[in-house]
Structure formats: structure tokens, C-alpha cells
Amino acid sequence: MDDLYRDYILEHYRRPHNFGPLEDASVTREGANPLCGDRITLQLGVVDGVVQTVGFTGRGCAISQASASLLTDEIKGKPLADVQSFGADDLLELLGIQISPARLKCAMLSHDTLRGALSQLAESGPEAGRDQAGAGI
Amino acid sequence: MTMTSEPGTDAPGSAADPRIRDGRLVAEVIRADFPILGTTAHGVPLVYLDSAATSQKPLAVIEALDGYYRGYNANVHRGIYDISERATSAYEGARARIAAFINAPESRELINVRNATEAINLVAWSWGRANIGEGDVIVLTELEHHANLVPWQLLAAEKGARLEFIPITDEGYLRQEVYAELLKLKPKLVAFTHVSNTLGTINPVAEMTAQAHAAGALVLVDGAQAVPHLPVDVQALGVDFYVFSGHKMLGPTGSGGLWARRELLEAMPPFMAGGDMIRTVTLRASTWNELPWKFEAGTPDISATIGLGAAVDYLTGLGMARVRAHEQELVAYALEAIAEKVPGISLYGPRDAARRGGVVPFNLPEAHPHDVAQLLDRVGVCVRAGHHCTMPLHERLNLPATARASFSVYSTRQDVDALVDGLRDVQRIFRS
Ligand SMILES: Cc1ncc(COP(=O)(O)O)c(C=O)c1O
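Everything numeric in this text was worked out from a predicted model, so none of it was measured.

A closer look at the overall build of chain A
In step 1: Regarding its fold elements, chain A presents 5 helices and 3 strands.
In step 2: N-terminal to C-terminal, the α/β element order of chain A is α-β-β-β-α-α-α-α.
In step 3: Burial statistics for chain A: of 137 residues in total, 49% are counted as buried.
In step 4: Once local pairs closer than 6 in sequence are excluded, the contacts in chain A between residues at least 24 apart make up 65%.
In step 5: Just so you have it, chain A exposes about 6,400 Å², and 51% of that area is on carbon and sulfur atoms.

Given below as C-alpha cells:
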């Protein structure tokens, strides 16, 4: 009956995938919705243009955390070019629930943070990534 | 078109009034005066627990707006014809009743503004820019709504003034011993909330004001959460500036008040300039109108002010002491019922209902306030989730956000019970 809180969303919230810090991240990016206090830290480990490892930590509402769990599953093992083209609509599709305008920011937090991580990576150059761990906090 | 109730204590609620029984409000009967409380949300009856954000409106207020627009809509202070004179007298009559409601000595000391935020900005711009200089100290508190914080930040940045903050205890009381120390800095102004919109703390306004005056400071009190919920007497409180919003006290949006002592208002330069606030205008110079119009540039929100007059009549009919007793009783009931029936819940704010307004902030261990609010909405229960425009206070309490239930004259124990049931549902959903 409640669209937003489908079992798999709650499952991702309770036991998020890819949760925890990475040891050797190429890029670390924090994202937050100051208005509601949702926050995540997203880390990517990029090797030879492929997102080999991905991890996130954070706290917030079920929608923001489940969305990060789903997103990290999706981009793991993908070439950067594919990750680049992963758009907001793709994430909404992954979530598979009706998001009201009031909750869109929660749903999009992981995606906005990913965009930030990707531009940070581009700025520092793909190979420079390796020693960028911890930057951007 | 007006509804003039006696501003007395007992007369309007005498035996015949079914809304008052044995000196107490009967919220179940009062509810019938509020059309929206008869509606449904998602097919279930509306349980409105967000009155601290904005209150619902009784029919008397809705009809006052309707009556103005249908019967005598005209600009005020201008037309020499019947409906304009009626509009002017309704508008000024409302001012007089609003002023009397907070026991202002004179109704010309009551400036009609759109809301508490505008009132504080008016003081910060007009009084603040004329009186605050480099190195001056303004004392605020950790409890403040952004409306009583950001205008002072702007002023301090512009003038090179310094802001100091009275810290709170973990329960949400102002630390009076630190306040006493801060007063030694000889602040020019002390500005604080009468009742906290987030924790419900009722601050000891009269005592704090006396201390401020002894230290040579003026006092501004944010009454946005007080005027709707307890008797307010600005003379007894002794304050210099007192502000409130009409929409939180059963009145329309776009209405509100700034009360200040006449000498202060007379010495203050105008805030906004234009029509209505002038006495004479030449191409190069103007002189100001007298109070209160000096501070009411342009066409005011006539209908909202008339509506607020009706709201004040309505509240007076109930009696503010009874309103306070009702909400105090309800907050005590809520704190107990929630703590007892919702395992693991965190409740914030003063535990003593006698020192707390009708505001209940909480967090569930298993769910973020946004999820809580969203799931409660499903069963028709409206609560607020977020920082309630008090980010520094949430920072102080080390909470990213809270959910908050808040009450008004029409709130009942059934509303609280619906909240408790809803919270138990949320727990069921979130526990695997
Ligand atoms: C304590 C307090 N002060 C000021 C305000 C601002 O009120 P308004 O938005 O009506 O100006 C509020 C409203 O939330 C409040 O609760």
C-alpha cells in the first residue's frame, strides 16, 4: 500500500550494500542536504578507467540511503564513461518508486554526490586519482 | 461585519458556551468551528499536529475575510465614500483589538506587519541601524528561530557589532548564570524567543527583561509561539519590542504585529518608504506620518488584519488562560503517552509541562524524521520534520533533524493517540 517503503527499499536501508570506507579511494566526495540532515560520503576506486571499488558511508532517511546503496551497486565494475552517462532518471528507475517533489532531494543525494566525485576526478586527472584519497572532505 | 467579544475572562464563556465546561476548553466542541478539521487526507480524517508552523482557521476568521471582500472591499485611509470608511474602521478596529489582546497601552504602538519575520527585520533595520555601532554587543540565544538570528547577523556584519549567545542546558532551558555574565558586556540589545518553536521552552521573559534593563540593554521578544498559546501582557513583561505572526494564532497569513514602546517608535526612522507613511511630500523631502502609519508604507494587508482581529476575538472568547491550561494538559499527556507506548523514542525539551508550550519534538531510533513524517501522513497525521528553522539549535543538540508535533486550541487526546498509533506502525515497518 505504501509505495515509497517497499520491502527492497527498506532492505537496502537496513543493510546497505557497499557500505563502509574504502582503503585506497581515488576520490572521496561528501554530499549533504542541509535542510534535512541527510549526508553521505561516496568513495570510488578507479583503475584503468574502471570503477573497481566503491563505498559509501552516511546517515539520513531511508530514501537517501537506499538510493546510495542501489547507485553504488549499479556503478561498481563499470567503465567511467558508463558511469558518466548514468543520469538522474536512471537512478529514479532503479529506485522504482514514486518520489514526491518533497523527497526528490533525498532520492537524488547519491547521484549529486556521484556527479561531484566525477568532476573532482576529472579535475585531478584520471591517474592522479590514486593519491587523492581524503580530498574534498 | 464584526464580532466583538468581551475582552473579559469569564463573560464570553459563561454557562451557555458549549466550548467551555467547568472552566476548561472542550476541544471536541471547538473543532466544529474549524472547517478543515472535518476533512480527510488519503481517505482518513485529518489529524493536524503542525500548529506551530501555522494554525488552522475558525469559520469566524474565514467569514471576516469573505465579508470584507464581498461587502466592503476598498482601500483604507483614502476614500471619502461609504465602503472605504467601513474598510478603514474595520482595519483600525482590528488594530485596536490586536493591541488590547497583548495589553498594549496604546493601539498606535501596534504596527501591522505581515509576520514576525518582518517585524524583527523592521526593528533591525530601523532601530538597529540607528543605534548599533562598531563593537556593540547584541545578546541572542541558542534557541532562536532563524527569524530572530539572521537579521541580527546582517546588522552585526554591517556595523561591526558582536553577537553573543546565551547557551542552553541539555533540556532546553537558557543558562541564566551565563546570561548574567553576558550582561556584564553591556549589550545594547537582548533578543530572545518567548517560547521555543522547537523544544517548547517557555523563557522567563519578565525576569530576563528586568536584568537586561538593569544592565542598560533594550529587549526584543519573539512572541510567535507565545501569543497563540498563552496570555501575553507586554506591560507586565516590561519588554521594549514584542513581535508575533497572525497565521500561527488562528488568523490569516499576511497578518502580524510589532509592538514597541511609543518613545522608541517615535525616535526610529522609517523602515519602508512610500504612500501612507508620509505627512507631506515635496520633490526633495518628506515628513513622516504619525504612529502607527509611519511604519506602514503602501497598502497594508487589509483583509488579513481584519481577519486577525476576528482571530483575536475568537481567542478572547475562549480565554487565553484556558487555552494555556488546555495545551499544558495536552503536552503532559503526550509526553507520558508517547514515552510509555513508543519504545526507544527520544523526546526533547523541558520535562516540566508547566515550563513548556504545546510542542513535542522527537526521534525514533529506527527511522529518520522524514520517513516518520511521510509514513504518518499515510494515516492522516500531519507533523513536521527537519530543523524547524533552528539549525544552530539542532547543531547544539547534535541532531541532524527532528520530527515535531504541536498543538492548538482544537487539539485533542485523540490526536495524540493517533500519533502514538502511527508511530507504532512506523516502528513495525522499519523493524525487520
Ligand atoms: C519562534 C518563531 N519565531 C519566528 C517565526 C517566524 O514566523 P513567520 O514565518 O510567520 O515570520 C516562527 C515561525 O516558524 C517561530 O516559530
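So that's the structure; there's more coming.
Section: the overall build of chain B
In step 1: Scanning chain B from terminus to terminus reveals 14 helices and 19 strands.
In step 2: Its C-alpha atoms put chain B at 75 × 55 × 35 Å along the principal axes.
In step 3: Buried positions account for 58% of the 432 residues belonging to chain B.
In step 4: For chain B, contacts bridging at least 24 residues in sequence account for 71% of all contacts bridging at least 6.

So, the site of the ligand
All names here are of chain B.
In step 1: Taken together, 13 residues surround the ligand, and among them Thr117, Asp222, Ser245, His247 and Lys248 come closest.
In step 2: A distance of 2.5 Å separates a nitrogen atom of the ligand from a polar atom in the side chain of Asp222.
In step 3: Protein coverage of the free-state accessible area of the ligand, which is 390 Å², stands at 87%.
In step 4: Grouping the constituent residues of the shell around the ligand by class yields 3 nonpolar, 8 polar and 2 charged.

Some points on the pairing of strand β8 (residues 162-166) of chain B
A regular strand carries its side chains on alternate faces of the sheet.
Residues and elements named next belong to chain B.
In step 1: Two strands pair when backbone bridges link them, and strand β7 (residues 137-141) and β8 are joined in this way by 5 bridges, in the parallel orientation. What sits directly across from Thr141, in β8, is Ile166.
In step 2: For the crossover that starts at β7, traverses helix α5 (residues 150-159) and ends in the parallel β8, the hand is right-handed.

Quick look at the domain arrangement of chain B
Residue and element names in this part refer to chain B.
In step 1: Its domain assignment divides chain B into domain 1 (20-57 + 321-431) and domain 2 (64-316).
In step 2: Listed as interface residues are 39 residues of domain 1 and, on the opposing side, 31 residues of domain 2.
In step 3: Taken over both partners, the interface formed by domain 1 and domain 2 buries close to 2,800 Å², and the fraction arising from carbon and sulfur atoms is 55%.
In step 4: Inspection of the region where domain 1 meets domain 2 yields 2 salt bridges.
In step 5: Taking the shortest distance from any N to any O, the salt bridge between Asp170 and Arg396 comes out at 2.9 Å.
In step 6: The tally of links from domain 1 across to domain 2 stands at 22 residue pairs in polar contact (both at pLDDT 80 or more).
In step 7: Within the residue set of the side of domain 1 that touches domain 2, elements represented by two or more residues are α11 (320-341), β16 (359-363) and α13 (391-397).
In step 8: If you tally residues by element for the side of domain 1 that touches domain 2, the top one is α13, at 6 residues.

Remarks on the confidence of the model for chain A
In step 1: Averaged over every residue, the pLDDT of chain A is 88; the share at 70 or more is 89%.
In step 2: Across residues 128-137 of chain A, where pLDDT falls below 50, the model places 21 contacts with residues more than four positions away in sequence or in other chains.

A closer look at unusual backbone geometry
In step 1: Cis geometry marks the peptide bond from Leu291 of chain B to Pro292 of chain B, where omega comes out at -5°.
In step 2: If you trace the backbone, Pro292 of chain B turns up in the loop between β14 (286-288) and α10 (302-318).
In step 3: Positive phi is not limited to glycine here, since Asn18 of chain A has a value of about 60°.
In step 4: By secondary structure assignment, the location of Asn18 of chain A is in the loop between α1 (7-14) and β1 (27-33).
In step 5: Positive phi, close to 60°, is recorded for Cys389 of chain B, a residue that is not glycine.
In step 6: As for its position among the elements, Cys389 of chain B is in the loop between β18 (384-386) and α13.

So, empty space enclosed by the protein
All names here are of chain B.
In step 1: Going through the model one piece at a time under the given rule, you end up with 1 cavity of 30 Å³ or more.
In step 2: Approximately 60 Å³ is the volume found for the largest cavity.
In step 3: Taken together, Ala52, Val195, Gln225, His229, Glu327, Gly357, Gly358, Val359, Ser406 and Phe407 make up the lining of the largest cavity.
In step 4: Within the lining of the largest cavity, the residues separate by chemical class into 4 nonpolar, 5 polar and 1 charged.
In step 5: Counting the residues that make up the lining of the largest cavity, at least three belong to each of domain 1 (20-57 + 321-431) and domain 2 (64-316).

Things to note about the sheet that holds β7 of chain B
Residues and elements named next belong to chain B.
In step 1: Spatially, β6-β12-β11-β10-β9-β7-β8 is the arrangement adopted by the 7 strands of the open sheet, whose pairing is mixed. A strand with exactly one partner marks an edge of an open sheet, and here the two such strands are β6 (110-113) and β8. Recorded for the sheet is a direction-independent mean angle of 20° between the axes of neighbouring strands.
In step 2: Running over the sheet, helix α4 (residues 116-131) touches β6, β9 (189-193), β10 (218-222), β11 (241-245) and β12 (256-260) and is turned about 150° from β11.
In step 3: Packed on one face of the sheet, helix α6 (residues 176-183) meets β7, β8 and β9 and runs near 155° to β8.

So, how was this worked out
Residues numbered from 1 in each chain as written. Chains lettered and ligands numbered in written order. Predicted model: local features only at pLDDT ≥ 70, side-chain atom pairs only at ≥ 80, totals over all residues. Heavy atoms only, no water. Helix = DSSP H or I, 4+ residues; strand = E, 2+ residues; numbered from the N terminus. Buried < 20%, exposed > 50% of the residue type's maximum accessible area, 1.4 Å probe, protein only. Contact = heavy atoms within 4.5 Å. Areas by Shrake-Rupley, 256 points an atom, 1.4 Å probe, with all protein chains shown as cover. Near = heavy atom within 4 Å. Polar contact = N/O pair within 3.5 Å; in protein donor to acceptor, adjacent residues only side chain to side chain. Nonpolar A, V, L, I, M, F, W, Y, C, P; charged D, E, K, R; others polar. Pairing = 2+ DSSP bridges. Right-handed = clockwise from strand over helix to strand, strands pointing away. Domains from an automatic or database assignment. Buried area = accessible area lost by both parts, 1.4 Å probe. Salt bridge = Lys/Arg side-chain N within 4 Å of Asp/Glu carboxyl O. pLDDT = per-residue confidence, 0-100. 1 Å grid on protein atoms, 1.4 Å probe; cavity = no way out; pocket = protein on both sides within 12 Å on 5 of 7 lines; lining within 4 Å. Points joined across faces, edges and corners; volume = space filled by probe spheres on them. Axes fitted to C-alpha atoms, helices over the stretch in contact; angles between N-to-C directions.

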